[in-house]
Amino acid sequence: MLKNRDVCRWQSSLFAALAVASLLSSSCAFYVPGVAPVEFMDGEDIEVKAVKMSSTKTQLPYDYYSLPFCRPKKEIIYKTENLGEILRGDRIVNTPYEIKMNIMKNCDLLCNNKLKTGVVVDEKDSALIFERIQEEYYVQLLIDNLPCVTSFEMHETHETQYELGYKLGFINDGKAYLHNHLHFKLKYHTEDKKTYRVVGFEVMPRSFAVTDLEVDNDKCSKDGAPWQEIKTNAVNTVLFTYSVSWAESPIRWASRWDAYLEMSDVQIHWFSIVNSLVVVFFLSGILTMIIVRTLRRDIAKYNSDEDIEDTLEETGWKLVHGDVFRPPPHPKLFTALVGSGIQIFFMAFITIVFAMLGMLSPSTRGALMTAAIFLYVFLGLIAGYFAARLYKTLKGTMWKRAAVQTAVLYPAIIFGTAFFLNFFIWGKHSSGAVPFTTMLGLLCLWFGIALPLTFIGYYFGFRNVPYEHPVRTNQIPRQVPEAPWYMHPFLSTLMAGILPFGAMFIELFFIFSAIWENQFYYLFGFLFLVFLILVVSCSQIAIVMVYFQLCAEDYHWWWRSFIVSGGSAIYVFAYSVFYFVNKLHIEEFIPTLLYFGYTFIMVFTFFLLTGTIGFYAAYFFIRKIYAAVKID
């Protein structure tokens, strides 16, 4: 009866979690409360802005005006951007497109060319355009904070799908052709026929040669015109044109992002997530039952009145009670890594919760990265406090040095890697290069806020009492016997990393697609559920591996618990290599370097996160089991 009730309770919990995830992920109205939609009157001007040009082949974004596009009549004005937009390489700028609400345009000239002979593109710019077309660059535009999309049809299902931006051009028979004509298909929603809201922005790019365009009174006729070829190392003449069409739509303003968020197959996502949940819950249940039943038997034997010598021969984890809490080597480094892991854990948890509630959606461009950075900076207080208590528990005395190491270690590795990669991005003149002023601002956040807060947290944490241990530590350390082959650290790390990685590898695919293939990630309800399962799986696998280690009379578990539970980072790196080879088409050295450089940052961060989760789970588990037995 007890087992049946446990199974029913487990099934109820699973279905409840799935129901919560479905409710949280089904919401598509990703707008912060209090943000009002922009309403336009009939014939009112609507500004078209450019974000950047991007390519999955190079992973190097460029400013819109890095190519000789038509400039605005007055001046080029760059929008003030948040920190996340700058780090993403966005450089939002005005364009010369003149669009009015609900006013159609057949085919207008763009560059205000009085001679109407087109724009002369010199050899250098022609070679640059040719290169960008070969690298499959997409141009990203904005209208009313709504990015442009281009539609295409799926070959298997014949369904219409959308991709972000429009292609700069195309290659045919080894020749490059530029999309010099854009047709804007705009949609609006209105309730009173007086005010209008933009709810759709699709671009249909076309290529028309300037020699075959008939221009009359700033109008152009493009019937039968061939494509606009861009000859490399030659002077080209290009005439930029555009047209506008409007259509009324029943889509409301709060739901206008639905088309963007349905770019991927949600059905596959559903089945994959459910499958992952069932497998992880099943394996977690098996591990939990094994460890709980074994521990109950061990504790009952230890606390029985039988001959203690017979008991000690059967199992070995009580034999090391006088050494199990012996401080590990390099306690400052250990507490620095654990403190950084705590900081990352709370940053990830709070960020995912706010994103799940719609506060950090794709519609608020750059908000997710900005929030994560500021949360990490201010959570230095929490990291310092927990690291200091742990450092004091490990008999540490130089708390000031330990505080500096906790505050500097992880940011220094991340900042140093990013700074190194930034040199190569600067060399490519990409907008993805972080400006010098932004780097100074990040350093000010680090040394002006994060470091002092970590010191404050360390001060109060070190003044607090250390963690209490249920047993005393012997003065003379016990000799550790030779461990069996399956307890080798590397092999244990590989075995332990499978379960946490299995909990999130499906979600990892969608996250990688959002990062490297310019797609939107929006199922934060699923991500929150996967994050919780990751915490549970890391905790359970760390407890199991530490229990086996103690049974082998090896009490050096501090570093082992951290490294073993972080073993899933190895599989994350292996998956990133698989993704690079099979999903991306990167061939050049610098894009490859950028990919693996940023992958190193993600893998190292994930290692600290999972390692910290596993360590604390194992630590509290060991305190619990040694407090449950009688020690003579």
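Refer to the structure presented above.
Conventions and cut-offs
- Residues numbered from 1 in each chain as written.
- Predicted model: local features only at pLDDT ≥ 70, side-chain atom pairs only at ≥ 80, totals over all residues.
- Heavy atoms only, no water.
- Helix = DSSP H or I, 4+ residues; strand = E, 2+ residues; numbered from the N terminus.
- Expected span 1.5 Å × (residues − 1).
- Buried < 20%, exposed > 50% of the residue type's maximum accessible area, 1.4 Å probe, protein only.
- Arc of directions from axis to C-beta.
- Contact = heavy atoms within 4.5 Å.
- Polar contact = N/O pair within 3.5 Å; in protein donor to acceptor, adjacent residues only side chain to side chain.
- Core = buried A, V, L, I, M, F, W, Y, C linked by side-chain atoms within 4.5 Å.
- Axes fitted to C-alpha atoms, helices over the stretch in contact; angles between N-to-C directions.
- Parallel < 35°, antiparallel > 145°, perpendicular 65-115°, else oblique.
- Left-handed = near helix turned anticlockwise from the far one by under 90°.
- Nonpolar A, V, L, I, M, F, W, Y, C, P; charged D, E, K, R; others polar.
- Phe/Tyr/Trp six-rings, centres within 6.5 Å; stacked < 30°, edge-to-face > 60°.
- Lys NZ or Arg CZ within 6 Å of the ring centre and 35° of its normal.
- Pairing = 2+ DSSP bridges.
- Salt bridge = Lys/Arg side-chain N within 4 Å of Asp/Glu carboxyl O.

A. Representation of the environment of Trp-253. If you trace the backbone, Trp-253 turns up in the loop between β21 (241-248) and α4 (258-261). Expressed as a C-alpha distance, the spacing of Trp-253 and Pro-37, which sit 216 residues apart in the sequence, is 7.1 Å.

B. Local environment of helix α3 (residues 123-134). With 12 residues, α3 should cover 16 Å at 1.5 Å per step; its first-to-last C-alpha distance of 16 Å lies within 8% of that length. All of the buried residues in α3 are Ser-126, Ile-129, Phe-130, Arg-132 and Ile-133. Summarising the axial view, the buried residues of α3 lie within an arc of 165°, below the 170-degree limit, and thus occupy one face. Each element contacted by the buried residues of α3 is listed here: β3 (48-54), β7 (119-121), β13 (169-172), β14 (175-178), β19 (229-230) and β20 (236-238). By the N-cap criterion, in which a side-chain oxygen at the helix start approaches the backbone nitrogen of a residue two or three places on, α3 is capped by Asp-122, the distance to Lys-124 being 3.4 Å. Positioned one or two residues after α3, Glu-136 has a phi angle of 60°, which is positive.

C. Looking closely at the nonpolar core. Among the nonpolar cores identified, the biggest contains 76 residues, and Leu-550, Trp-557, Trp-558, Phe-615, Ile-622 and Tyr-626 are the most heavily contacted of them. Examining the composition of this core, we find that 17 residues originate from one element, helix α17 (residues 589-627), more than from any other. Not counting the four nearest positions on each side in its chain, Trp-557 is found in contact with Val-324, Val-546, Gln-549, Leu-550, Phe-615, Ala-618, Tyr-619 and Ile-622. One finds Met-101, Tyr-137, Leu-182 and Phe-201 within the second-largest nonpolar core, a separate group that totals 57 residues.

D. Region of interest: the packing of helix α15 (residues 558-565) against α17. Contact geometry for α15 and α17: axes closest at 7 Å, N-to-C directions at 135°. As far as their axial angle goes, α17 and α15 are oblique. Our pair here, α15 against α17, has a crossing hand that is right-handed. Residue-level contacts link Trp-558, Ser-561, Phe-562, Ile-563 and Ser-565 of α15 to Phe-607, Leu-608, Thr-610, Gly-611, Thr-612, Gly-614, Phe-615, Ala-618 and Tyr-619 of α17. The class makeup of the residues in the contact of α15 with α17 is eight nonpolar, six polar and no charged.

E. Up close: the packing of aromatic side chains. Per the stated rule, a full pass over the model turns up 66 aromatic pairs. Seen from their ring centres, Trp-399 and Tyr-459 are 6.2 Å apart, and the 55° between their planes marks the pair as tilted. On the criterion of sequence distance, the pair formed by Trp-399 in helix α10 (residues 399-427) and Tyr-459 in helix α11 (residues 436-463) is long-range, its members being 60 residues apart. The cationic tip of Arg-132 hangs over the ring face of Tyr-137; the distance from NZ or CZ to the ring centre is 5.6 Å.

F. Seen up close, the pairing of strand β16 (residues 195-206). Looking at chain direction, strand β1 (residues 40-41) and β16 are connected through two bridges and run antiparallel. Counterpart to Met-41 in the pairing with β16 is Thr-195. As paired elements, strand β15 (residues 181-189) and β16 share nine bridges and run antiparallel to each other. Each bridged residue has a counterpart across the sheet, and for Lys-187 the counterpart in β16 is Gly-200. Taking the residues between adjacent antiparallel strands as the criterion, β15 and β16 are bridged by five residues, where Lys-193 takes a positive phi near 65°.

G. Main features of the sheet that holds β19. Overall, antiparallel pairing links the three strands, which are arranged β13-β14-β19 in an open sheet. Each having just a single partner strand, β13 and β19 make up the two edges of the open sheet. Here β13 pairs with β14 via four bridges, running antiparallel. Looking at the pairing, Phe-170 lines up with Tyr-177 of β14. Its contacts with the sheet place α3 against β13, β14 and β19, and it is angled at close to 95° to β14.

H. Structural context of helix α9 (residues 380-393). Here α9 contains 14 residues, and its C-alpha end-to-end distance of 20 Å stays within 8% of the 20 Å for a straight helix at 1.5 Å per residue. Within α9, burial applies to Gly-380, Ala-383, Gly-384, Ala-387, Ala-388, Arg-389, Leu-390, Tyr-391 and Thr-393. In this fold, the buried residues of α9 make contact with α7 (331-356), α8 (367-378), α10, α11, α15 and α17. Where α9 ends, the next residue or the one after it, Lys-395, has phi of about 65°, a positive value.

I. Layout of the pattern of salt bridges. Per the stated rule, a full pass over the model turns up 14 salt bridges. With its nearest N and O atoms 3.7 Å apart, the salt bridge here joins Lys-57 to Glu-136. Highlighted residues: Lys-57 in the loop between β3 and α2 (83-88) and Glu-136 in the loop between α3 and β8 (138-143), separated in sequence by 79 residues. With a shortest N-O distance of 3.5 Å, Asp-108 and Lys-105 are connected by a salt bridge. When salt bridges with common partners are traced through the structure, they connect Lys-52, Arg-88 and Asp-90 into a single cluster.

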